[in-house]
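# Chain and residue survey
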Amino acid sequence: MATARHVDPTVSGRHDASLVGEIEDIALAATEAADLGNLAESERLGRHAFDLAGGLDAGPDRDRALARALRPLGTTLRARGRYAEAERTFDRGLTAAIVGFGSASLEVAELLNDLGMTFKYAGRFVEAEAAYGQARAILESAPEVDPQDLAALFHNLGGLAHARGDFEAAEPLARRAIEIRAETVDPRDPAMLLDRSAHAAILDALDRSDEAEAVIRDLLPDLEAALGPDHPEVAVALNNLAAIVQRRGALDEAEAFYRRVIAIKEARLGAESPALATPLNNLGTVLAAAGRSDEAGALFRASIRLLEGAVEEDHPALQAARRNLARHA
């Protein structure tokens, strides 16, 4: 990962030429903060970069600076479950990138990939597929492309197929992300660990649960060491592991994992984040299986409340929580 030059993000009022480099540095710092799970700091930096970029004179420098500032800001808004805001942010960044870099640029492909992820989280799968398709067309036709961008795209394509329940289609896409990433990064690189974790979730869905569990238990210590034990991506891996042990009847172990997932996400994303809905629903299923119906019902209702208005009505997570509430109410 590139290292930002040491800057004072409170300084403003400079001439355009000197501001461009400062904006890029602040945007990079915002991205690094998001990667570390420090979302409040990432949003603060992203908004500051955006404010500075908006003060530039109209022209290519302004458009490029806006695109670079808006990408980490959108990423942070999406991570915090503010999908509508994230979509607007990426849309504005995409418009600026098309003008500033060109419609076939890698910067446009990256923003299309980001927009596709936002649509996927919101349950707008057709729009996600279209955005990913545009990003893929740019990346695969570019004379030179960063393998990390291509790996990220295949990771997301696999995630979209997984979310749709098309596990047979998801597996080779997720595996391709790992293969591309392996050409340039260490096996214990965080991005590679996240690729393997996503692939393991798909293996579990394909009834290859023993293999999936072994993969997650192998990578989890390295992921915790690289990102910290309370990083939101660690919570994703723990949630996948909890689902596996739950299905083999280890309810106490599953409950402990889910409660840790919820604690991480509440601390990092906030108690109102839609990202809490899935682990709350999953914990509810564990408690229902243990005969704790009243507690389970409260969790299903909380899951539904977090998702309603944030995602599409036919979103799989919302549908699952409603089915569980009807079954166990």
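Everything numeric here is computed off the predicted structure, so don't read it as measured data. (Residues numbered from 1 in each chain as written. Predicted model: local features only at pLDDT ≥ 70, side-chain atom pairs only at ≥ 80, totals over all residues. Heavy atoms only, no water.)

### Observations regarding the overall build of the chain
Where we set the bar: Numbering of helices and strands runs from the N terminus, with a helix taken as a DSSP run of H or I at least four residues long and a strand as a DSSP run of E at least two residues long. Each radius of gyration is computed over the set of C-alpha atoms, and the globule rule expresses the reference value as 2.2 Å times the number of residues to the power 0.38. Using a 1.4 Å probe on the protein chains alone, a residue whose accessible area is under 20% of its type maximum counts as buried, one over 50% counts as exposed, and one in between counts as partly exposed. In what follows, residue pairs with any heavy atoms lying within 4.5 Å of each other are defined as contacts. For accessible areas, the Shrake-Rupley method is used with a probe of radius 1.4 Å. Any residue's cover is judged against the shown protein chains and nothing else. When charges are counted, Lys and Arg contribute as positive and Asp and Glu as negative, whereas His and the chain ends are disregarded. Every charge is mapped onto a representative atom, which is NZ of Lys, CZ of Arg, CG of Asp or CD of Glu.
Tallying secondary structure elements over the chain gives 15 helices and 0 strands in all. For 329 residues, the compact-globule estimate of 2.2 N^0.38 gives 20 Å, and the C-alpha radius of gyration of the chain, at 20 Å, lies within 12% of that figure. Referenced to the eigenvectors of the C-alpha coordinate spread, the extents of the chain come out at roughly 65 × 35 × 35 Å. When each of the 329 residues of the chain is scored for burial, the buried share is 50%. Of the contacts made within the chain by residues no fewer than 6 positions apart, 59% connect residues no fewer than 24 positions apart. About 14,700 Å² of surface is accessible on the chain, with carbon and sulfur atoms providing 51% of the total. The positive charge centre, built from 36 side chains, and the negative charge centre, built from 54, are 4 Å apart in the chain.

### A closer look at the side chain of N240
With respect to the helices and strands, the residue N240 is situated in helix α11 (residues 232-247). Accessibility expressed as a relative area gives 17% for N240, which makes it buried. Residues contacting N240, with those up to four places away along its chain left out, are S197, A201 and I216.

### Details of the packing of helix α14 (residues 293-307) against helix α15 (residues 316-328)
So the rule is basically this: Every angle, taken between N-to-C directions, lies between 0 and 180 degrees, and every axis is a line fitted to C-alpha atoms, over only the stretch in contact when it is a helix. Here the word oblique covers every angle except those under 35 degrees (roughly parallel), over 145 (roughly antiparallel) and from 65 to 115 (roughly perpendicular). Working rule for handedness: look at the near helix, and if it is turned counterclockwise from the far one by less than a right angle, call the crossing left-handed; if clockwise, right-handed. Ten residue types, Ala, Val, Leu, Ile, Met, Phe, Trp, Tyr, Cys and Pro, are classed as nonpolar, four, Asp, Glu, Lys and Arg, as charged, and the remainder, Gly among them, as polar.
Orientation of α14 relative to α15, taken along the N-to-C sense of each, is 150 degrees, at an axis distance of 9 Å. With respect to α15, the element α14 is oriented roughly antiparallel. For the crossing formed where α14 meets α15, the hand is left-handed. Every residue of α15 that contacts α14 at S293, G297, F300, R301, S303, I304 and L307 is listed here: A317, L318, A321, R322, N324, L325 and H328. Of the residues that constitute the contact of α14 with α15, the class distribution is 7 nonpolar, 5 polar and 2 charged.

### Thoughts on helix α12 (residues 251-269)
So the rule is basically this: Helix span, expected: 1.5 Å multiplied by one less than the number of residues in the helix.
The terminal C-alpha atoms of α12, which comprises 19 residues, lie 26 Å apart, in line with the 27 Å expected from a rise of 1.5 Å per residue. If you check which residues of α12 are buried, you get A254, E255, F257, Y258, V261, I262, I264, K265, R268 and L269. Where α12 is buried, its residues meet α2 (39-54), α3 (60-79), α10 (209-227), α11 and α13 (277-289). One or two residues past the end of α12 sits G270, with phi positive at roughly 100 degrees.

### Let's talk about the packing of aromatic side chains
Cut-off, in case you're wondering: When the centres of two rings from Phe, Tyr and Trp lie within 6.5 Å, Trp using its six-membered ring, the rings pair. Their planes under 30 degrees apart give stacked, over 60 give edge-to-face, and anything left gives tilted. Distance and angle both matter: a charge sits over a ring if NZ of Lys or CZ of Arg is within 6 Å of the ring centre and within 35 degrees of the ring normal.
Tallied over the entire structure, the rule returns 1 aromatic pair. Relative to Y121, the ring of Y83 has its centre 6.1 Å away and its plane inclined at 5 degrees; by these criteria the two rings are stacked. Taken together, the residues Y83 in helix α4 (residues 83-101) and Y121 in helix α5 (residues 106-122) connect sequence positions 38 residues apart. Taking the relative accessible area as the measure of exposure, Y83 reaches 10% and is therefore buried. Note that K120 overlies the ring of Y121, its terminal NZ or CZ placed 4.8 Å from the centroid.

### Describing the environment of D63
Assignment of secondary structure puts D63 in helix α3. Counting along the chain gives 93 residues from D63 to N156, while the straight-line C-alpha distance between them is 27 Å. Excluding anything up to four places from it in sequence, D63 contacts A96, V99 and G100.

### Focus on the side chain of N324
As a reminder, the rule being used: Polar contacts, as used here, are pairs of N or O atoms within 3.5 Å; protein pairs need one atom able to donate a hydrogen and one able to accept it. Residues neighboring in sequence count only if both atoms are side-chain atoms.
Relative to the helices and strands, N324 is located in helix α15. Under the relative-accessibility criterion, N324 is labelled buried at 9%. Looking at N324, its side chain comes within polar contact range of the side chain of R327, at 2.9 Å.

### Thoughts on the environment of A137
Residue position: A137 is located in helix α6 (residues 125-141). For A137, a relative accessible area of 48% translates into the label partly exposed. Considering only alpha carbons, one finds A137 and L219, 82 residues apart in sequence, at a separation of 32 Å.

### What about the pattern of salt bridges?
Side-chain pairs of opposite charge can arise whenever the charged atoms involved come near each other. Here is the rule we go by: Definition used for salt bridges: Asp or Glu carboxyl oxygen within 4 Å of a side-chain nitrogen of Lys or Arg.
If you walk through the whole model with that rule in mind, you get 35 salt bridges. A salt bridge links E272 to R305, with the nearest nitrogen and oxygen atoms 2.8 Å apart. Remark: R305 occurs in helix α14 and E272 occurs in the loop between α12 and α13; sequence separation between them is 33 residues. By relative accessible area, which is 48% here, R305 ends up partly exposed. Of the charged contacts in the structure, one is a salt bridge between E308 and R322, with a shortest N-O distance of 2.8 Å. Of this pair, E308 sits in the loop between α14 and α15 while R322 sits in helix α15, and the two are 14 residues apart along the sequence.

### Examining α6
So the rule is basically this: By arc we mean the arc of the directions from the helix axis to the C-beta atoms, nothing more.
For α6, which comprises 17 residues, the first-to-last C-alpha distance of 24 Å matches the rise-based estimate of 24 Å (1.5 Å per residue) to within 8%. All buried positions along α6 are accounted for by F125, A128, A131, Y132, A135, I138 and L139. One side of α6 carries all its buried residues, which in axial view fall inside an arc of 150 degrees. Projecting away from the buried face of α6 at angles above 90 degrees are the exposed residues V126 and S141. Structurally, α6 contributes buried residues whose contacts are with α5, α7 (147-163) and α15.

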